[in-house]
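# Reading the structure
Single-letter residue listing:
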Amino acid sequence: MDRERLQHEEEEGWQALLRTFARVPSNRFDEPTLTPEGWSAKDAMFHVGYWLADCVRVLDTIAAGTFERAAEDAIDIEELNAQGFARSRGMETDAVRAGFLGARSRSLESFGRLESLTPDAWEWFEESGPLHYRKHVEDLDLWLQQ
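So, here's what we can say about the structure.

What counts, and at which threshold
Residues numbered from 1 in each chain as written. Predicted model: local features only at pLDDT ≥ 70, side-chain atom pairs only at ≥ 80, totals over all residues. Heavy atoms only, no water. Helix = DSSP H or I, 4+ residues; strand = E, 2+ residues; numbered from the N terminus. Expected span 1.5 Å × (residues − 1). Buried < 20%, exposed > 50% of the residue type's maximum accessible area, 1.4 Å probe, protein only. Arc of directions from axis to C-beta. Contact = heavy atoms within 4.5 Å. Polar contact = N/O pair within 3.5 Å; in protein donor to acceptor, adjacent residues only side chain to side chain. Salt bridge = Lys/Arg side-chain N within 4 Å of Asp/Glu carboxyl O.

## Observations concerning helix α4 (residues 77-89)
An α-helical segment advances 3.6 residues per turn. Residues three or four places apart therefore align on the same side. Between its first and last C-alpha, α4 extends 18 Å over 13 residues, near the 18 Å set by a 1.5 Å rise per residue. Among the residues making up α4, those that are buried are L80, N81, G84 and S88. The buried residues of α4 occupy one face: seen down the axis, they fall within an arc of 100°. Opposite the buried face of α4, by more than 90 degrees, sit the exposed residues E78 and A86. Where the residues of α4 are buried, they touch α2 (41-64). Where α4 starts, the residue carrying a side-chain oxygen 3.2 Å from the main-chain nitrogen of E78 turns out to be D76.

## Overview of the environment of E9
One can find E9 in helix α1 (residues 3-22). Separated by 117 residues in sequence, E9 and E126 have C-alpha atoms that sit 8.6 Å apart. Discounting chain neighbours no more than four positions away, the residues touching E9 are E126 and P130.

## As for the pattern of salt bridges
One pass over the structure, following the stated rule, counts 13 salt bridges. Between E31 and R28 there is a salt bridge, with the nearest N and O atoms lying 3.1 Å from each other. For E31, a relative accessible area of 26% translates into the label partly exposed. Judged by its relative accessible area of 16%, R28 falls in the buried class.

Interpretation in functional terms is not warranted from these geometric data alone.
Have a look at this one:
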């Protein structure tokens, strides 16, 4: 596992995501047309930040030696996404943006503190970071073309 390569992929993906969010006109940021479920760009930003914050939680349990794969596998991702969506709807854009940026910083710190890069740590960082960013860049790009 090449830590530097994954960090590079994360940085490239992050920059692409930031550029894509920057292309969203301010009058469309809360427009609930990004997904059929009624997500807005703001909701997508909250969602990415939420999963980065959860990545921090997991990386910290891995570092502490208390990670339990079975407990993480039992998580209902769709339910967590629905709860996050409901929470983001009532938040101000500035708070969503601050949480999004802060969660990314904390995820980089947690990843960087890992003495040993386990397959679980790699998977969580990659899934919450570059792979997740790419998915939402694609969704936002399609939406912006409408």
